[in-house]
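# Structural features, examined
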Amino acid sequence: MSFQDAVRTCFQKYVTFSGRARRSEFWYFVLFNVIVGFVAGIIDVIIGTRSSYGTGLIQSLASLALLLPNLAVGARRLHDTDRSGWWLLIGLIPLVGAIVLIVFFVQDSHADNQHGPSPKGVGGAAYQEMPPPAPQY
């Protein structure tokens, strides 16, 4: 999945907490969030809306606008690793929660599970329907 496809998919599924998201979709959207936050921070400095504690009006609005798609893609990524989206709440535990979530997010997709077929098609129904390879003599 390309960067543009990942961002487009995340915005199309703005508040879709069901289904699955591949690693590329999740991490490209994380990269998009970093870029948007960086650009918004620069705009805040230029127009003088940055506060004394580090964030500004534009950066806060951008973060607020991206909050729901971030939660949704995070839940879908956890579904892809065969975990409940409620595991996102472990991120509220300082440091340890973030480390646990990062470990979950970097894990590979699991086969078909209760959240849907594997987006890769590996090990799932799509893989099982393929005929076995012909023997080589």
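Worth saying up front: this structure is predicted, and the values here are computed from it rather than measured. (Residues numbered from 1 in each chain as written. Predicted model: local features only at pLDDT ≥ 70, side-chain atom pairs only at ≥ 80, totals over all residues. Heavy atoms only, no water.)

### A word on the overall build of the chain
Across its full length, the chain carries six helices and zero strands. Going residue by residue from the N terminus, the α and β elements of the chain occur as α-α-α-α-α-α. Counting across all 137 residues of the chain, residues that qualify as buried make up 30%. Of the roughly 8,700 Å² of accessible surface on the chain, 68% is carried by carbon and sulfur atoms. (Helix = DSSP H or I, 4+ residues; strand = E, 2+ residues; numbered from the N terminus. Buried < 20%, exposed > 50% of the residue type's maximum accessible area, 1.4 Å probe, protein only. Areas by Shrake-Rupley, 256 points an atom, 1.4 Å probe, with all protein chains shown as cover.)

### Remarks on the confidence of the model for the chain
In the predicted model, the chain carries a mean pLDDT of 85, and 87% of its residues have values of at least 70. Confidence drops under a pLDDT of 50 for residues 124-130, and excluding neighbours within four residues, the segment shows six contacts in the predicted structure. (pLDDT = per-residue confidence, 0-100. Contact = heavy atoms within 4.5 Å.)

### Some remarks on the packing of helix α4 (residues 67-80) against helix α5 (residues 96-106)
Put simply, α4 and α5 touch, their axes get as near as 8 Å, and they point 65° apart. When the axes of α4 and α5 are compared, the crossing they make is left-handed. Touching Gly 74, Arg 77 and Leu 78 of α4 are Leu 101, Phe 104, Phe 105 and Val 106, all from α5. Of the residues that constitute the contact of α4 with α5, the class distribution is five nonpolar, one polar and one charged. (Axes fitted to C-alpha atoms, helices over the stretch in contact; angles between N-to-C directions. Left-handed = near helix turned anticlockwise from the far one by under 90°. Nonpolar A, V, L, I, M, F, W, Y, C, P; charged D, E, K, R; others polar.)

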